[in-house]
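Residues per chain are reported as follows:
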Amino acid sequence: MISVIIPALNEAENITKTIESAKPEAKELLVVDGGSTDGTVAVAEAAGARVVNAVPCRARQMNRGAEAAVGDVLLFLHADTTLPQNYGSAVERALYSRGVAAGAFSLAIDAAKAKYRLVERIVAFRSRRNGLPYGDQAIFVRAKTFAENGGFSDMPIMEDYEFMRRIRCSGRIVILPQQAVTSSRGWQKLGVVRTAVVNFLIIVAYHFGVSPKRLACWYRGGRKPL
């Protein structure tokens, strides 16, 4: 009974592949569209997803998807990320393990260069050490636990990080060995080193009390956050 929730905004190029990866073991597929203008809605519906609309903010889109979902497990999947084969049974085993509140997959990046393998190893070390996976690792949680913890906070950035920090009070967070494969586009824009540095500085600034709205402006190069 897994509901896969995919927040999307102008993802017509990627959404079919993402939906197809989730289809085999999903109770339902929900694409939560934030006002796409590139045909994302039509492409998602043609691929077999149910589309619901929301304002263009990932946290709000994911919360809207959770409200509309009927499954007893929620899996939040980025629109440029694909799930591994047999992901459903892996999620079920994880959530029925004693003391587990939520989980995510290991990260893989769809680029061949060695620098991306290094990123994957760093992410694996970080997420297993501190139990705080990011959204591109396909976070999953029981619907009941999600509701009891108030869902994602209404933040323009870092909603996944904040949610996982909060949900640790409900139990352990597990990182599965199976890999969710995400697009390298985010790393290519600034380059691997600069992206890693920016991500690190954003986390540090967040812990020093810088507002998520200001962090979003920094992260998006001064553009108004969604």
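Our structure is the block above this text.
The rules behind these values
Counting restarts for each chain: residues are numbered from 1 in the order of the written sequence. Per-residue local features of the predicted model are confined to residues with pLDDT of at least 70, and side-chain atom pairs are confined, for both listing and counting, to 80 or more; whole-chain, interface and lining totals are unaffected and use all residues. Excluding hydrogens and water, the side-chain figures rest on all heavy atoms present in the structure. Only protein chains enter the accessibility calculation, which uses a 1.4 Å probe; a residue whose area is less than 20% of its type maximum is buried, one above 50% is exposed, and one in between is partly exposed. Helix numbers and strand numbers start at the N terminus; a helix is a DSSP run of H or I with at least 4 residues, a strand a run of E with at least 2. Starting at the helix axis, one direction is taken to each C-beta atom, and the arc is that of these directions. Contacts are assigned to residue pairs that have any heavy atoms within 4.5 Å of one another. For patch building, the residue pool is restricted to those with more than 30% relative accessible area and no salt bridge; the joining distance is 9 Å between like charges and 5 Å between nonpolar side chains (Val, Leu, Ile, Met, Phe, Trp, Tyr). Methods summary: accessible areas were calculated by the Shrake-Rupley approach with a probe of 1.4 Å, and residue burial reflects only the protein chains presented. Criterion for a salt bridge: a side-chain nitrogen of Lys or Arg within 4 Å of a carboxyl oxygen of Asp or Glu. Pairing between two strands requires that DSSP report at least two bridges joining them. Buriedness for pockets is judged along seven lines, at least five of which must meet protein on both sides within 12 Å for an open set on the 1 Å grid over protein atoms alone, while cavities are sets there where a 1.4 Å probe fits but cannot get out, and lining residues have an atom within 4 Å of a point. Grid points are joined across faces, edges and corners, and a volume is the space filled by probe spheres set on the points. Amino acids are sorted into nonpolar (Ala, Val, Leu, Ile, Met, Phe, Trp, Tyr, Cys and Pro), charged (Asp, Glu, Lys and Arg) and polar (every other residue, Gly among them).

Chemist: Would you take a moment to explain helix α4 (residues 87-95) for this structure?
Modeler: Given 3.6 residues per turn, any residue in an α-helix points the same way as the ones three and four places further on. When α4 is considered as a whole, its buried residues turn out to be Y87, G88, A90, V91, A94 and L95. When α4 is viewed along its axis, its buried side chains cluster within an angular range of 165° and face the same direction. Where α4 is buried, its residues contact β1 (2-8), α1 (15-22), β4 (73-76), β6 (100-109), β7 (139-142) and β8 (172-182).

Chemist: Where do I start with a nonpolar patch on the surface in this structure?
Modeler: Taken together, the side chains of V193, V197, F200 and L201 present a nonpolar region at the surface, about 410 Å² in accessible area. Along the chain, V193 falls in helix α9 (residues 192-207). For V193, a relative accessible area of 64% puts it in the exposed group.

Chemist: Would you take a moment to explain the pairing of β1 for this structure?
Modeler: Successive residues of a regular strand alternate their side chains across the two faces of the sheet. Of all 7 residues that make up β1, 7 are buried, and the element is covered over most of its length. Residues I2, V4, I6 and A8 of β1 are buried on one face, and the alternating residues S3, I5 and P7, pointing to the opposite face, are buried as well. Bridge analysis of β1 against strand β2 (residues 28-33) gives 6 bridges, and the strand direction is parallel. Each residue of the ladder has a partner; that of I6, found in β2, is V31.

Chemist: I tried to follow the pattern of salt bridges on my own but got confused; where do I start?
Modeler: Oppositely charged side chains are able to pair whenever their charged atoms sit close together. In this structure the tally under the stated criterion is 7 salt bridges. Salt-bridge contacts for E20 lead to K23; the nearest nitrogen and oxygen are separated by 3.4 Å. R50 is the salt-bridge partner of E28, the closest N and O atoms lying 3.3 Å from each other. Residue E28 is found in strand β2, and its partner R50 is found in strand β3 (residues 50-53); the two are separated by 22 residues along the sequence. On the accessibility criterion, E28 (13% relative accessible area) is buried.

Chemist: Which parts of the structure should I look at to understand the sheet that holds β2?
Modeler: Strand pairing in a sheet relies on backbone hydrogen bonds, with the paired strands running either antiparallel or parallel. Taken together, 8 strands build an open sheet; the order of strands is β3-β2-β1-β4-β7-β6-β8-β5 and the sheet is mixed. Looking along the sheet, the strands with just one partner apiece sit at the ends: β3 and β5 (81-82). Examined bridge by bridge, β2 and β3 share 4 bridges and lie parallel to one another. If you follow D33 over to β3, its bridge partner there is N53.

Chemist: Please clarify how the layout of surface pockets should be interpreted in this entry.
Modeler: Take a probe with the size of a water molecule and roll it over the atoms, and the empty space left behind shows itself. Empty space within the second largest pocket amounts to approximately 150 Å³. It is α4 that provides the largest number of residues to the lining of the second largest pocket, a total of 4 residues. Counted by class, the lining of the second largest pocket contains 7 nonpolar, 1 polar and 4 charged residues.

Chemist: Would you mind going over unusual backbone geometry with me for this structure?
Modeler: One can expect most non-glycine residues to show negative phi and most peptide bonds to be in trans. With a phi close to 60°, N86 is a non-glycine residue in the positive phi region. Position of N86 among the secondary structure elements: in the loop between β5 and α4. Within the chain, M158 stands out as a residue other than glycine whose phi angle is a positive 65°. Within the secondary structure layout, M158 lies in the loop between α6 (143-148) and α7 (159-167).

Chemist: Looking at this model, I keep getting lost on empty space enclosed by the protein. Mind explaining?
Modeler: Summed over the entire model, instances satisfying the criterion amount to 1 cavity of 30 Å³ or more. Taken as a whole, the largest cavity encloses approximately 50 Å³ of empty space. Every residue along the wall of the largest cavity is listed here: R58, M62, F76, L77, H78, G135, I139, F152, E159 and D160. When contributions to the lining of the largest cavity are tallied by element, the ones reaching two or more residues are α3 (58-68) and α7. Here the lining of the largest cavity is composed, by residue class, of 5 nonpolar, 2 polar and 3 charged.

By themselves these figures say nothing about function.
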